[in-house]
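Here is what each chain is made of, one letter per residue.
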Amino acid sequence: MKIYISTPINGRKEKTPYERRKAAHRKAKALKAYLADEYPDADIITPFDVVPFDDTDVTETEALGRDITALLECDTVFLDRGWTSSKGCNLEYRAAKIYGLRIIDGNNIEE
């Protein structure tokens with residue numbers, strides 16, 4: 001199984017783009033650890049595996065394109081809490097639906 005984690009980045013509440021990316025990076029790492037426990041044999045991919053946190057030369061459009069490519073190489077997508085308020089996560093959700101990927105909605109998982 002290969003799981004892509006879809007987590008809000010720019011749609012977060014932090015004030016600056018750097019703070020939003022930093023918070024999203026922390027959350028993605030935590031989700032990756034959580035999913036590794038739940039699915040120990042899975043290969044888990046985050047947006048920051050696709051575009052590293054410190055790669056600031058990549059535009060938002062290019063990053064999202066790379067993310068969609070990575071998502072389509074997976075068979076499952078995990079949608080982080082709050083995904084419905086994120087344009088990027090909604091795009092990733094729609095791609096997953098179109099291509100018939102398994103979808104795990106993090107809004108339905110108790111913390």
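Residues numbered from 1 in each chain as written. Predicted model: local features only at pLDDT ≥ 70, side-chain atom pairs only at ≥ 80, totals over all residues. Heavy atoms only, no water.

### A short note on the packing of helix α3 (residues 60-72) against helix α4 (residues 87-98)
Line of reasoning, step 1. For the pair α3 and α4, the least separation of the axes is 10 Å and the interaxial angle reads 30 degrees. As for how α3 packs across α4, the hand of that crossing is right-handed. Within the contact between the two elements, α3 uses L64, D67, I68, L71 and L72 and α4 uses G88, L91, E92, A95 and A96.
Line of reasoning, step 2. Class assignment for the residues of the contact of α3 with α4 results in seven nonpolar, one polar and two charged. (Axes fitted to C-alpha atoms, helices over the stretch in contact; angles between N-to-C directions. Helix = DSSP H or I, 4+ residues; strand = E, 2+ residues; numbered from the N terminus. Left-handed = near helix turned anticlockwise from the far one by under 90°. Contact = heavy atoms within 4.5 Å. Nonpolar A, V, L, I, M, F, W, Y, C, P; charged D, E, K, R; others polar.)

### A short note on the packing of aromatic side chains
Line of reasoning, step 1. Scanning the model with the defined rule gives one aromatic pair in all.
Line of reasoning, step 2. Between W83 and Y93, the ring centres sit 4.7 Å apart and the planes meet at 35 degrees, which makes this aromatic pair tilted. One end of the pair, W83, is in the loop between β3 (76-79) and α4; the other, Y93, is in helix α4, and ten residues separate them in sequence.
Line of reasoning, step 3. For Y93, a relative accessible area of 22% translates into the label partly exposed. (Phe/Tyr/Trp six-rings, centres within 6.5 Å; stacked < 30°, edge-to-face > 60°. Buried < 20%, exposed > 50% of the residue type's maximum accessible area, 1.4 Å probe, protein only.)

### Quick look at the nonpolar core
Line of reasoning, step 1. Counting residues in each nonpolar core, the largest one holds 13 residues, and the members touching the most others are Y4, I45, L71, V77 and A96.
Line of reasoning, step 2. With residues near it in sequence (within four places) discarded, V77 still touches Y4, S6, L71, A96, R102, I103 and I104.
Line of reasoning, step 3. With eight residues, the next largest nonpolar core counts I3, I5, L35 and I44 among its residues. (Core = buried A, V, L, I, M, F, W, Y, C linked by side-chain atoms within 4.5 Å.)

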